[in-house]
Structures are given as C-alpha cells and as structure tokens.
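# Secondary and tertiary structure notes
The lines below spell out each chain.
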Amino acid sequence: MNSSRRDFLKLSAAALGTLGAGRADPAPPSSAATAAKRFDVPYEGVRLNRVAFPLGGIGAGMICLEGTGALSQVSVRNRPDVENEPCAFAAIAMSGRKGMARVLEGPVPGWKLFGMRGAANGGAGTSYGLPRFAQARFTARFPFATVALTEPGFPLHASLTGWSPFVPGDADASSLPVAALEYRFENTSGETVEAVFSYNAKNFMVPPPPEGTPPNAPPPPQAVRAAPGGFVLWAGATADRPWDEGAFVAAVDDPAVRVNHAWFRGGWWDPLTMAWEDVARAACFDRPPVDRDGPAPGGSLFVPFRLAPGESRTVALRLCWHVPTTHLREGTDPAPAPGAPPAPVTYYRPWYAGRFPDVLSVAAAWREQYGRLRERTEAFARCFHDSSLPPEVMEAVAANLSILKSPTVLRQTDGRLWAWEGCGDDAGCCYGSCTHVWNYAQATAHLFPALERTLRETEFGPSQDARGHQAFRSALPIRPQVHDFYAAADGQLGGIMKVHRDWRISGDTAWLRRLWPKVRQSLDYCIETWDPEGRGWVEEPHHNTYDVEFWGPDGMCTSFYLGALTAAVKMGEALGDPVPRYGALLAAGRRRMETELFDGEYFIQKIEWRGLRARNPQTYASYGGNYSPEAEALLQREGPKYQYGTGCLSDGVLGAWIAQVCGVGPVLDPAKVDSHVRAVHRHNFKTDLSAHANPQRPTYACGREGGLLLCTWPKGGALSLPFVYSNEVWTGIEYQVASHLIMTGRADEGLEIVRACRARYDGRIRNPFDEYECGHWYARALSSYALLQAWSGARYDAVEQVLHLAPAIPGDFRCFLSTATGYGTVGVRGGEPFLDVRSGSIPLQRIAYLRRE
C-alpha cells in the first residue's frame, strides 16, 4: 500500500464524525488529553469539525472560512448571522473527464447533516450533496488560513488560502469590507490537464421576507448584475425597509474569465441542478444578466486553464460587499430642552459607507490595491509569527485577533470604534463598547492605537455627563445619552488607566492635555460616589463586570481605584497639574488594602451594608437584584446577594494587572500580588471539572475539561448566593490570570492555564477562532494579547522613547512588538537586548533591560 493511500485511510478512520457517519460529536478532552495536545499546529480529522476562521474588515462584516474550505456565518449586513451558510461554492472540473468535478471543500462535518436547524427536511438549499475532496487540512497563520485538499486518484492537488487586509497602524486599510480566497492547483499527474475553476452562488443577499409577509407577496427587488471579472449579487430596498439594500461582488482578474449572470429560473431544485450540470461538464460561457420575467437566482464565473505535469496555477477570487444602511440604534436620548424640537433620529452607518458610494467602487479599490495590501498583510504575518514564544501562547493570541474581524466590532462613518461585548446568533450582544468588558482587551491599543483612542474620546466625551458619571455603555450612533443607571466602578476607573496607556503608546501629550479635565472630573466622581469618606478604598455599592454591585471594600475594585489614582498622579505631574489629594488617597488606600483586605494568602472582600450611605440593598435597583422574602432572610444572615466575601477571586487584583499592562506600574506590594495570583492558580484552576457543580452557564467549560473558575472559597465562608457568574470559566479571565502569573515569574503556572483554555477550543466541540462568553467572539478574550507583553516584558514608551524589556524567563528569545509608529521584533540575542524594526519607525533613546536570572 502506498504512503498516500495509507495516510488517507488513517485519516478517514479518525474523521468518521467529520464525515457524517452517524457518530455523535466527540466528548470533551480529559486532562490527560489536554496535557498531550499540541498547539499552533494544523487542524485535521475531527478537529476540523468546528473550525470557522473570520475574514473581513474591522467593523465591516465577516465571512468565515471553515476548516473544510466552506464559507459560512456570512455576516455582511452589519450584524452577526451565525447560522447563515448560503449556497455558494467554488469548484474544479476536468475537461473531457466524466466524474472529475469537485466542490473545493473537504467532507461535510457530521453535525451539519443532523443537528442543524431544518436538517430533518433534508438540507434543501445547501451544496452538501455535491462531490467533494476526500481530505482537508487547515492551517492558520493569522490573518491567513490555508485549506489543503487531496483525494487519491484526483489529478490535481488543490488548496485555498483565505485572507483579508490587516495592517497594524493602518485602521482604514484594515477596515475594508473585503476578503480573498486564493485557489492554487498543482498537476500531480503525469499528463497535461485542462480544467475549469468556477465560483457559484445563489443570490444570498436577498433577505428573508419579514414575519407576516403573505405567501403570494411579490419578491423583494433583487438581481444578479455585472461586475468587472465577475458578478454582483444585489438586493434592493423598499420604502419601509431601506436597510435591505445590499450588494456582494465575486470577481477574478483573468482575461479568460467567463460569467453566467443568470442561473436557470425554475422551481424545486432546478437552479442548483442546472448550475452543477454546468460545473460537471467543465462549461465556460458568458450569459448576460436577465432584465425581465423575474430575477436570476444566482450566478457563476468560470476560469479555464491548462497545466502540464508539475505545473501549478493560482486563481485569486476577490470578494467584497456594501450594505450602507442599517436600523441599528442603541441608547436613550436626553429629553429636549423646553420648547426645543426633538433631535433627529439617526442610525448607525458603517465606516466604509462614508468612503465608497457603492459595491463597484469597493470592488475597484480592492482590485487596484490587492497586491499592495497582500504584501503589507503578509509582512505583518511574517513578523508576528517569527517568534520563539511557546506555541500555546502564539495560538491564544493569534486566534483571538479574529475578534477584530468579527461582527462584535463596528466602526461608524467618522472612523470611531464602537463594539458589542460579543455576538448573539443574529444580533449583537450587550451594546456599547462596555467599559468593564473592554478593560481586558489589549490588542487594539497596540495594533491600532489611533482607533483605540476613539474609545477613550467617547468615554470621556459624549458618554460622560457634567457630574463625571460615565455611562459604561455608549450609545450608537455615538452621542450623548440619558445617564439612568449606575456607573461601573471597574469600567470607569479602568478607563483612567487606559488613558495613561494610550498616551504612553502614542506619545501624544497634546491629546492627553485635551482629555485631562474630563479625567479629573471622572475620578472626582468616583471618589465622591464610592469613597465619600476618603478612606482610599471602594466601599459604597459599586457596579462591576459581574453585572452586580459589591457592597463594602474588595480587592478587585480597590485595586482599580489604586491604579486610577496612580495613573492620575503620573499624568498630572507630566502636565504640570499636581494632584496631591489623589496621592494621599493612594497612600491610604494601599495601606488599607494590603493590611485589611489581605488574608495572608490572597485579597478578599469585606462585605458591608450597614453604615453606608446606600443604606438598604432591598431598594437599590440592579440587574436581578430584587429581594424575595427568602432573599430578605439571606440578607439578614449573610448580607446582600451576589458578593464574594472571603472567596479567592480570579479577578481579585485585576486593577493591579491593568496597571501593569497600561504602564502605570506596581500599585500594590509585588509580593502580595504574587501570593494572590499563585493562590488563584492553586485554588481556582481545575484540570477536570467533572465534579464541579455549576448551576449558572456551563457550556464555557464543563465535564472532563479543565479551566480556571472565577471564584472558590477554599477557607470556607461560601455564600448561599455568591455573585452570579462565580462558578463559570471565562477565557478572558483565564488569559488575564495567566499573563499576570507569567509577569510575576510563574511561567509554568500561566502556561498551564493557557493550555487548558486552548484545549477546549481545539476544533472538535468549539471553534478555535470564536472564544465565547455571553456571545460569540467575546471581547474579553482579547486579554490574550497581554501574553506577549507578559512573556517578553516588552513595553514601548513613546513619550520617553524608551523600550522597557523585562522578559519572563532567562535566555534568548524573540517576540512581536507593535507601536503607534511601526512594528518589529524585540528580544534578547546572545544575551543582549535588541529591536529590529520591520515596518515604519520606532524612535529609540535606549532599551531599559531588566535581565531575569
């Protein structure tokens, strides 16, 4: 038996679940499997099951390239559409060879054949029944992903590489509503091959009819139109639904291309039947758009080519879209002044709609800039992946950069960033660039610093009122709104540290000076609201990322307070505006936290509700915070619902971590911080959750999987109703704790958490490029970018033009570094620190190198 046949049989046996052989999806991995898992390697067999790699621009929509080569989760209408897998496929056919036509995909995963909505009706409207390649192998090198396709006896080896522009520092180039699929064919036979590549698609831009539409209602405006080198799938608007307008282009640059703009019109499965007949006979013809007797259901483009033995050919399929109008609007407008007319109602429009009037102008720019954008994107990818960091670290960082290409992120026409926390199946989840969630996200600040600064400008601008209260959820379109809920202590205090970070990254002191009055106003509000007695800790009830209020001082939010005070002192000094009051509060707060909130091993919460200004938790409005008679009884015994008390909280010194990654520096005794994060690993990290009871949201991690629990009570004192997510596992917190452990010299413990997390996202059960938590592509997981800073200890200060370098481990290494003006590779070579600039410039006065022995 030859080796290729043997490998094929071996892979096929391993991939029965993927091939749809009637077996259930595989069980979650055991702790032993976690330990054995290899990271940052290709996906194949059952690990292809759930792979879906986002392609698209920042805030521009997304198409996912699956591990098999299929396109799915097509979300180009300014919202997520997770179940949208339209009938659109590429194919290859051999001229004159019957039966030698294949969809350019691997086998259909079994869960799609039984388990998808509507599967019991036979999968009508899909391409699942068309012949495919026998094997697929998926390799990700963000922002590129390659699917290799093979089949014994087939004369061509095929592969496709999907990518979309991603250029650090150039947000506009990285926000285009475009994607590319480069199909490469190599003749592995001993004979010359004549073949036809085709791309075929139903008009998936036509939205489903609104609920209640009569069955005999006329179809909405739609057409398949011409585009240079391809076709346009177009849907028109109606008077009452202007947001239905949208267009999608598929095109190639090849003089031999031919385009069928008019699939066969008929009932049942006539259109796809006839389209596949064209593919199977290696057809290659032009058919113009139809302009009467009903719209065409789809279109195809054909590219004929000839390959001698050993020759290869690449066909680059360019995809782009344009959906300029939405009915997205979030937030409540303030009441107009007496006698003034109400403000006009406006809706979100994507950034690209302000730059491109229609889809053909997008297609023209994509065609003209394709080579240069690919070159710049590939330069970034080479630099980013040219790293000696552990593979689990590289996998965790790269996989979550996909969030920036997902519908979690929006960008309005003036260029400002806005985001959900994550994505539901068909709508954004938890609006408003939520400050306490986006606190954790570190990638945008380094890769696209100017874009990140727009978040600060929103927080300290239209989202902050005259009192200094910040709405932790910003309105969309970005504008002032009613301030009718509590400020978030961690979100608002974290924003002050992020102003410091963004100033240091940009070096723009004029920008800091403009924001400084609002920063002071914000911090003064925080003091008056949560520390009115000036004790230096946060004690009045304070809303936070767990969607509850903590009553009494706690380590988590007080560490934020100390970080914000420290950042404010440093920024005030730099601007010549000393703030001695902040310094005094900082000294008092640090002393209190280190003595009264440190139990000798980790930082805790002192639950208090009597003697505070906010006297009665029962009348304190909050999410789910109402008190039944049973809850009233608990209140008297244990205090307010949803606290953590003596628990070991994984976020227990989160503010100290944010202070570190924001360049604010240590805000607590490093030895006590080290003790806390070690305790978190010791008590909260589980290699097997089989015996763990989680009545909350278990799908993030459960059963034999490993993960880091949000909180445990190793010394007793567990509350009857602790904070509402306490039993869960969130990847964003796992990476936060892992990177903090690495920063404190606990690399092994940090890597153990990263491995457990990425083992859950190995493609079998979950998508490796969609770490979820209250939504797909959840923003908190962008905390994984801090693993780069933790491992390398690299932080560039553009104000002082100093590169700080404090590696987590001794010896030589190399790692990616991105700044506001350029990117490159940083590390230690031959025992000496170095910085190799690969793009732009990074002005450098010196490297402050702290050698780890």
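Right, let's walk through the structure included here. (Residues numbered from 1 in each chain as written. Predicted model: local features only at pLDDT ≥ 70, side-chain atom pairs only at ≥ 80, totals over all residues. Heavy atoms only, no water.)

The N-to-C vectors of helix H12 (residues 555-574) and helix H13 (residues 580-596) enclose an angle of 150°; their axes lie 9 Å apart at closest approach. Considered as vectors, H12 and H13 are oriented roughly antiparallel to each other. Judged by the sense of rotation from one axis to the other, the crossing of H12 with H13 is left-handed. Along the contact surface, H12 presents Gly-555, Thr-558, Ser-559, Tyr-561, Leu-562, Leu-565, Thr-566, Ala-568 and Val-569, while H13 presents Tyr-582, Gly-583, Leu-585, Leu-586, Gly-589, Arg-590 and Met-593. The residue makeup of the contact of H12 with H13, split by class, is nine nonpolar, six polar and one charged. (Axes fitted to C-alpha atoms, helices over the stretch in contact; angles between N-to-C directions. Helix = DSSP H or I, 4+ residues; strand = E, 2+ residues; numbered from the N terminus. Parallel < 35°, antiparallel > 145°, perpendicular 65-115°, else oblique. Left-handed = near helix turned anticlockwise from the far one by under 90°. Contact = heavy atoms within 4.5 Å. Nonpolar A, V, L, I, M, F, W, Y, C, P; charged D, E, K, R; others polar.)

In this section: the packing of aromatic side chains. As enumerated under the stated definition, the model contains 41 aromatic pairs in all. Considering the side-chain rings of Phe-380 and Phe-816, the 5.5 Å spacing of their centres and the 75° angle between planes classify their relative orientation as edge-to-face. Taken together, the positions of Phe-380 in helix H5 (residues 359-385) and Phe-816 in strand E30 (residues 813-818) put the pair 436 residues apart, joining distant regions of the chain. Comparing Phe-380 with Phe-816 shows no difference in burial state: the two are buried. Three or more aromatic residues joined by ring pairs form one cluster here, namely Tyr-43, Phe-53, Phe-138, Phe-142, Phe-166, Phe-380, Phe-384, Phe-448, Phe-769, Phe-816 and Tyr-823. A cation over an aromatic ring shows up here: Arg-50 above the ring of Trp-111, its NZ or CZ 3.7 Å from the ring centre. Residue placement shows Arg-829 over the ring face of Phe-834; its charged tip is 3.7 Å from the ring centre. (Phe/Tyr/Trp six-rings, centres within 6.5 Å; stacked < 30°, edge-to-face > 60°. Buried < 20%, exposed > 50% of the residue type's maximum accessible area, 1.4 Å probe, protein only. Lys NZ or Arg CZ within 6 Å of the ring centre and 35° of its normal.)

Counted residue by residue, strand E16 (residues 298-307) has eight buried out of ten residues, so it is predominantly covered. Inspection of the sheet shows strand E11 (residues 193-202) paired to E16 by ten bridges, in the antiparallel sense. For Ala-201, the partnering residue across the bridge sits in E16 and is Gly-299. Sheet topology places strand E15 (residues 258-260) next to E16; three bridges connect them, and they run antiparallel. Bridge assignment links Asn-260 to a residue of E16, and that residue is Ser-300. (Pairing = 2+ DSSP bridges.)

Strand order in the open sheet made by the three strands is E28-E29-E33, with mixed pairing throughout. Taken across any chain shown, the strands that pair with only one partner, and hence form the sheet edges, are strand E28 (794-797) and strand E33 (846-849). Across this sheet, the average inter-strand angle for adjacent strands is 20°, counted without regard to direction.

On to the sheet that holds strand E6 (residues 101-103). What the five strands build is an open sheet, ordered E6-E5-E11-E16-E15; its pairing is antiparallel. The open sheet has two edge strands, E6 and E15, and neither has a second partner. Each strand axis lies, on average, 20° off the axis of its neighbour in the sheet, ignoring direction. Two elements, strand E5 (residues 88-94) and E11, share seven bridges in a ladder whose sense is antiparallel.

Below, the discussion takes up the pattern of salt bridges. Across all of its chains, the model carries 58 salt bridges by this definition. The partner of Arg-764 in a salt bridge is Asp-762, and the shortest N-O contact between them spans 2.9 Å. On the accessibility criterion, Arg-764 (14% relative accessible area) is buried. Among the charged side chains, a network of salt bridges with common partners joins Glu-452, Arg-456, Glu-459, Arg-501 and Asp-502. (Salt bridge = Lys/Arg side-chain N within 4 Å of Asp/Glu carboxyl O.)

A few words on unusual backbone geometry. With an omega dihedral of 0°, the bond running from Phe-142 to Pro-143 counts as a cis peptide bond. Here Pro-143 lies in the loop between strand E7 (135-141) and strand E8 (144-150). For the bond running from Leu-476 to Pro-477, omega is -10°, close enough to zero to count as cis. Following the sequence through the fold, Pro-477 ends up in the loop between helix H9 (449-459) and helix H10 (489-506). Residues other than glycine seldom take positive phi values, yet Asn-78 does so here, at roughly 60°. Looking at where Asn-78 falls in the secondary structure, it is placed in the loop between strand E4 (71-75) and E5. Although it is not a glycine, Asp-547 adopts a positive phi angle of roughly 60°. For Asp-547, the position within the fold is in the loop between strand E22 (542-543) and strand E23 (549-550).

Quick look at the packing of helix H6 (residues 391-401) against helix H18 (residues 747-760) now. Packing of H6 against H18 brings their axes to within 9 Å, and their N-to-C directions diverge by 55°. Viewed along their axes, H6 and H18 adopt a mutual orientation that is oblique. In the packing of H6 onto H18, the handedness of the crossing is left-handed. Listed contacts from H18 to Glu-392, Val-393, Glu-395, Ala-396 and Ala-399 of H6 are Leu-751, Val-754, Arg-755 and Arg-758. A breakdown of the residues in the contact of H6 with H18 according to their chemical character gives five nonpolar, no polar and four charged.

Attention now moves to the nonpolar core. In terms of nonpolar packing, the biggest core is built from 232 residues, with Ile-92, Phe-138, Phe-185, Phe-197, Tyr-199, Leu-301 and Tyr-546 touching the most fellow members. Not counting the four nearest positions on each side in its chain, Phe-197 is found in contact with Ala-90, Ala-91, Ile-92, Leu-104, Tyr-183, Phe-185, Leu-301, Phe-302, Val-303, Phe-305 and Val-315. Formed by 17 residues, the second largest nonpolar core is a distinct cluster that contains Cys-87, Phe-89, Ala-93 and Phe-302. (Core = buried A, V, L, I, M, F, W, Y, C linked by side-chain atoms within 4.5 Å.)

A separate point is helix H11 (residues 509-530). Compared with an ideal rise of 1.5 Å per residue, which puts 22 residues at 32 Å, H11 spans 29 Å between its outermost C-alpha atoms and is within 8% of the ideal. Maximum bend of H11: about 45°, positioned at Leu-515, with proline Pro-517 one to four residues after it. Where H11 is concerned, the buried positions are Trp-511, Leu-512, Leu-515, Trp-516, Val-519, Ser-522, Leu-523, Tyr-525, Cys-526, Ile-527 and Trp-530. Tucked into the core, H11 has its buried residues touching H9, H10, E22, H12 and H13. Taking the backbone nitrogen of Ala-510 as reference, a side-chain oxygen 3.2 Å away marks Asp-508 as the first, capping residue of H11. (Expected span 1.5 Å × (residues − 1). Bend = angle between axes of the 7 residues up to and from the residue. Polar contact = N/O pair within 3.5 Å; in protein donor to acceptor, adjacent residues only side chain to side chain.)

It is worth spelling out the state of the cysteines at this point. On inspection of all chains with the given rule, the structure shows zero disulfides. Note on Cys-662: no disulfide assigned, nearest cysteine sulfur contributed by Cys-526 at a separation of 15 Å. Cys-662 sits in the buried class, given a relative accessible area of 2%. Free of any disulfide, Cys-711 has its nearest neighbouring cysteine sulfur in Cys-648, separated by 6.8 Å. (Disulfide = S-S within 2.5 Å.)

A separate point is helix H14 (residues 629-638). For H14, the complete set of buried residues consists of Ala-631, Leu-634 and Leu-635. The buried residues of H14 all sit within an arc of 105° when viewed along its axis, so they share a single face. Opposite the buried face of H14, at more than 90 degrees from it, the exposed residues are Pro-629, Glu-630, Gln-636 and Arg-637. With its phi angle positive at about 100°, Gly-639 sits one or two positions after the end of H14. (Arc of directions from axis to C-beta.)

What follows covers the environment of Trp-321. Structurally, Trp-321 is set in strand E17 (residues 312-322). Trp-321 sits in the buried class, given a relative accessible area of 0%. Along the chain, Trp-321 and Ala-247 lie 74 residues apart, while their C-alpha atoms are 5.6 Å from each other. Within the local environment of Trp-321, its side chain forms a polar contact with the backbone oxygen of Ala-60, the two atoms lying 2.7 Å apart.

Residue position: Ser-792 is located in helix H19 (residues 786-792). Assessed through its relative accessible area of 2%, Ser-792 is described here as buried. Considered as a pair, Ser-792 and Gly-827 are 35 residues apart in the sequence and their alpha carbons are 7.0 Å apart. In contact with Ser-792, other than residues within four places in its own chain, are Leu-805, Ala-806, Pro-807, Phe-813 and Cys-815. A polar side-chain atom of Ser-792 sits 2.7 Å from the main-chain carbonyl oxygen of Leu-788.

Another point: the environment of Arg-814. Positionally, Arg-814 belongs in strand E30. Accessibility expressed as a relative area gives 34% for Arg-814, which makes it partly exposed. For the pair formed by Arg-814 and Ala-316, sequence separation is 498 residues and the distance between their alpha carbons is 33 Å. When sequence neighbours within four positions are dropped, the list of residues in contact with Arg-814 reads Asp-386, Ser-387, Ser-388, Leu-389, Thr-825, Val-826, Gly-827 and Phe-834.

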